[in-house]
Amino acid sequence: MRMYIFEQRKERCAGLTAELRSAGIELQFITAEFFTTGLGPLLQPGHQTNAVLIGECDDTREYIRAMRTAGCVNPVIVLKDFRNAKDTSDLLNLGADDVIVSPIRGAEVLSRTNSIIRRHYGHASESVIVGELTAYFDGRDPIVSGSRIKLSKREYSVFQHLALNSNKVISKDAIYDAIYGSSIDQPFDKVIDVYICKLRKKLASASKSGWQYIETVHGRGYKLSSPEVTSKAG
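Note that the structure is a prediction, hence the values are computed from the model and not measured.

Analysis parameters
- Residues numbered from 1 in each chain as written.
- Predicted model: local features only at pLDDT ≥ 70, side-chain atom pairs only at ≥ 80, totals over all residues.
- Heavy atoms only, no water.
- Phe/Tyr/Trp six-rings, centres within 6.5 Å; stacked < 30°, edge-to-face > 60°.
- Helix = DSSP H or I, 4+ residues; strand = E, 2+ residues; numbered from the N terminus.
- Buried < 20%, exposed > 50% of the residue type's maximum accessible area, 1.4 Å probe, protein only.
- Lys NZ or Arg CZ within 6 Å of the ring centre and 35° of its normal.
- Contact = heavy atoms within 4.5 Å.
- Pairing = 2+ DSSP bridges.
- Axes fitted to C-alpha atoms, helices over the stretch in contact; angles between N-to-C directions.
- Parallel < 35°, antiparallel > 145°, perpendicular 65-115°, else oblique.
- Left-handed = near helix turned anticlockwise from the far one by under 90°.
- Nonpolar A, V, L, I, M, F, W, Y, C, P; charged D, E, K, R; others polar.

Student: Sorry if this is basic, but what is going on with the packing of aromatic side chains here?
Tutor: With the rule as written, the count across this model stands at 5 aromatic pairs. Ring geometry for Phe35 versus Tyr63: centroids 4.3 Å apart, planes at 10 degrees, classification stacked. One end of the pair, Phe35, is in helix 2 (residues 34-37); the other, Tyr63, is in helix 3 (residues 60-70), and 28 residues separate them in sequence. Owing to a relative accessible area of 3%, Phe35 belongs among the buried residues under this scheme. The class of Tyr63 is buried, set by a relative accessible area of 10%. An aromatic cluster is built from Tyr4, Phe6, Phe34, Phe35 and Tyr63, whose rings are joined through pairwise contacts. One cation-aromatic arrangement involves Arg140 over Tyr136; the distance from NZ or CZ to the ring centre is 4.0 Å.

Student: So what exactly am I meant to see when it comes to helix 7 (residues 172-180) here?
Tutor: Along an α-helix, residues three or four apart share an orientation, since each turn contains 3.6 residues. The set of residues buried in helix 7 consists of Ala174, Ile175, Tyr176, Ala178, Ile179 and Tyr180. Close packing links the buried residues of helix 7 with strand 1 (2-6), helix 6 (153-164), helix 8 (191-206) and strand 11 (221-224).

Student: What am I meant to see in the sheet that holds strand 4 (residues 76-80) here?
Tutor: Hydrogen bonds between backbone groups are what pair the strands of a sheet, and the pairing can be parallel or antiparallel. Pairing within the open sheet is parallel, and its 5 strands lie in the order 2-1-3-4-5. Only two strands of the sheet have a single neighbouring strand rather than two, namely strand 2 (26-29) and strand 5 (98-101). Direction aside, the axes of adjacent strands within the sheet are offset by 25 degrees on average. Pairing analysis gives 4 bridges linking strand 1 to strand 2, with the strands arranged parallel. Pairing of Ile5 across the sheet is with Phe29, part of strand 2. Along the sheet, helix 1 (residues 10-21) contacts strand 1, strand 2, strand 3 (51-54) and strand 4; its crossing angle with strand 2, the most-contacted strand, is approximately 155 degrees. Where helix 5 (residues 106-120) meets the sheet, its contacts fall on strand 1, strand 3, strand 4 and strand 5, and the angle it forms with strand 5 comes to roughly 170 degrees.

Student: Is there a simple way to think about the sheet that holds strand 8 (residues 143-144) in this case?
Tutor: Here we have 4 strands laid out as an open sheet, ordered 6-7-8-9, and antiparallel in their pairing. Where the open sheet ends on each side, the last strands, each with one partner, are strand 6 (127-130) and strand 9 (147-148). Sheet topology places strand 8 next to strand 9; 2 bridges connect them, and they run antiparallel. Its bridge partner lying in strand 9, Ile143 is registered against Arg148.

Student: What's the story with the packing of helix 6 against helix 7 in this structure? I'm lost.
Tutor: Relative orientation and spacing of two packed helices are given, respectively, by the angle between their axes and the distance between those axes. As a packed pair, helix 6 and helix 7 sit with axes 10 Å apart at the nearest point and diverge in direction by 125 degrees. Between helix 6 and helix 7, the angle is such that the two are oblique. In this structure, helix 6 meets helix 7 at a crossing whose hand is right-handed. Touching Arg154, Ser157, Val158, His161 and Leu162 of helix 6 are Ala174, Ile175, Ala178, Ile179 and Tyr180, all from helix 7. A per-class count over the contact of helix 6 with helix 7 returns 7 nonpolar, 2 polar and 1 charged.

Student: Hey, could you run me through the pairing of strand 10 (residues 214-217) in this one?
Tutor: With 4 bridges connecting them, strand 10 and strand 11 associate as antiparallel partners. Following the sheet pairing, Glu215 is matched in strand 11 by Lys223.

Student: Help me understand the pairing of strand 7 (residues 133-136) in this model?
Tutor: Regular strands have side chains that alternate between both faces of the sheet. Of the two faces of strand 7, the one holding Leu133 and Ala135 and the one holding Thr134 and Tyr136 are both buried throughout. The pairing of strand 6 with strand 7 spans 4 bridges and is antiparallel. Bridging across to strand 7, Ser127 finds its partner in Tyr136. The turn joining strand 6 and strand 7, which pair antiparallel and follow one another in sequence, is formed by 2 residues; a positive phi near 60 degrees is taken by Gly131. As paired strands, strand 7 and strand 8 are joined by 2 bridges and run antiparallel to one another. The residue bridging Leu133 from the neighbouring strand is Val144, located in strand 8.

So this is what it looks like as structure tokens:
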């Protein structure tokens, strides 16, 4: 999972980086200018799942207000040094989704972010069932016909984005942006097709029906759906 993080105290950056990366979180550090001139990408399809972490600072309220005024629905989590009930209440009322108090643990940040994202997409539980497939939103690999299939980090990122939008068409560009964003290590533009192909093979080989579950909707993108849904649509 990719997250933006604002932390102006250099002595905190190294520790936060190590802790969050240990939970599989890819970080992109941002400056204060991000909240005034850099919010545009967050409004593009596919970027809604990129959480924004805001470290302890005097302008936290202004940054949250700027994001919500701009229409950004991304998860916003404030990282606090000390617990303060009044301050936490104010931040949540302004539009923050959660407040986490030090010591910051990567696994907790990841779990809380996953919970926020799945509710945003209308999933109340930790998983969604599509035919023989059970997709989890907490980092676990999916189960197909009773067997868990192992996905690589990138395969899981692509799969999770499809699962969050199950039975809906999601464009290749939206998937690409959700995974790579404005990262400097962006791969070639056909990489999503490669991961889709790998996912289809794994899902088909594990499912009793042999169904690939990922449908290509020509000219529009991809859709995670069961054979029954596809048949009715046809």
